[in-house]
Amino acid sequence: FIALFLREALDAAREMLERMENDPEGFLLHNLTKHSIYVAMSRPLIKALYLGDIEVLGELLHSEHKLLSGLIKRKAVASEGLFELLISKGVVRTDMSVSLMMYTYTAITLGFMTVEGYLPEDVLQQYSLSLEESVEGLSETIRRTFEPNEPVSASTLQEVRTIFTQFYQQYIAVVEEQLEKEMDL
């Protein structure tokens with residue numbers, strides 16, 4: 001199961017990075033969110049990991065499996081680094097702490113990902129959105145909540161793109177390495 005999860009995580013990470021690279025503003029927080037959540041919600045195993053779905057992941061989610069917990073910790077550290085980078089470049093608000101920003105961002109994102117589970121069927125039918133519409137709504141909410149009103153300069157955007165791509169490629173390399181090790185077992 002771990003090899004399957006790693007293969008899916010690797011495919012999802014590559015797809016997320018490709019979507020961001022193909023979007024001129026793909027590395028701004030709202031677009032980065034749109035692309036990554038679209039990919040996560042399109043892939044049941046990745047969606048289950050994002051949402052902590054015990055029905056899909058079973059005991060693996062709460063086990064002390066070193067590989068899985070290591071990847072989750074690495075992703076959390078990378079997320080903190082991303083917020084610090086975005087703050088330092090003025091690409092997001094500078095009046096919130098990283099902790100508050102990460103907490104608020106996570107709450108908003110998870111809310112969009114899970115809201116359908118809390119709505120009555122008749123309300124769902126009346127207000128149902130496609131995945132594309134939902135991630136556009138999420139993207140706009142993230143933009144309005146975290147990003148400044150002023151446009152980001154092309155040089156700053158390129159700098160963020162370069163740094164983020166390096167982080168993401170390192171993450172992909174770690175997952176590839178872990179997949180190789182898992183396949184050798």
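Going by the structure above, here's the rest.
What counts and how
Residues numbered from 1 in each chain as written. Predicted model: local features only at pLDDT ≥ 70, side-chain atom pairs only at ≥ 80, totals over all residues. Heavy atoms only, no water. Helix = DSSP H or I, 4+ residues; strand = E, 2+ residues; numbered from the N terminus. Polar contact = N/O pair within 3.5 Å; in protein donor to acceptor, adjacent residues only side chain to side chain. Buried < 20%, exposed > 50% of the residue type's maximum accessible area, 1.4 Å probe, protein only. Contact = heavy atoms within 4.5 Å. Core = buried A, V, L, I, M, F, W, Y, C linked by side-chain atoms within 4.5 Å.

Asker: Is there a simple way to think about the side chain of Thr33 in this case?
Answerer: Considering the arrangement of structural elements, one finds Thr33 in helix 2 (residues 29-42). A polar contact of 2.6 Å, which involves the side chain of Thr33, links it to the side chain of Tyr105.

Asker: What exactly am I supposed to notice about the environment of Leu86 here?
Answerer: Mapped onto the fold, Leu86 is located in helix 5 (residues 66-88). Take Leu86: its relative accessible area is 0%, and that puts it in the buried class. Along the chain, Leu86 and Phe27 lie 59 residues apart, while their C-alpha atoms are 9.7 Å from each other. Apart from residues no more than four positions distant in its own chain, Leu86 is found in contact with Phe27, Leu29, Val91, Val92 and Val160.

Asker: So what exactly am I meant to see when it comes to the nonpolar core here?
Answerer: Core analysis: the biggest nonpolar cluster contains 46 residues, and Leu29, Phe146 and Tyr168 have the highest contact counts within it. Elements supplying a minimum of two residues to this core: helix 1 (2-21), helix 2, helix 3 (44-51), helix 5, helix 6 (98-114), helix 8 (131-146) and helix 9 (154-184). The leading source of residues in this core is helix 1, at 11 residues. In this structure Leu29 touches Phe83, Leu86, Val92, Tyr105, Ile142, Phe146 and Glu147, once residues within four positions along its chain are discounted.

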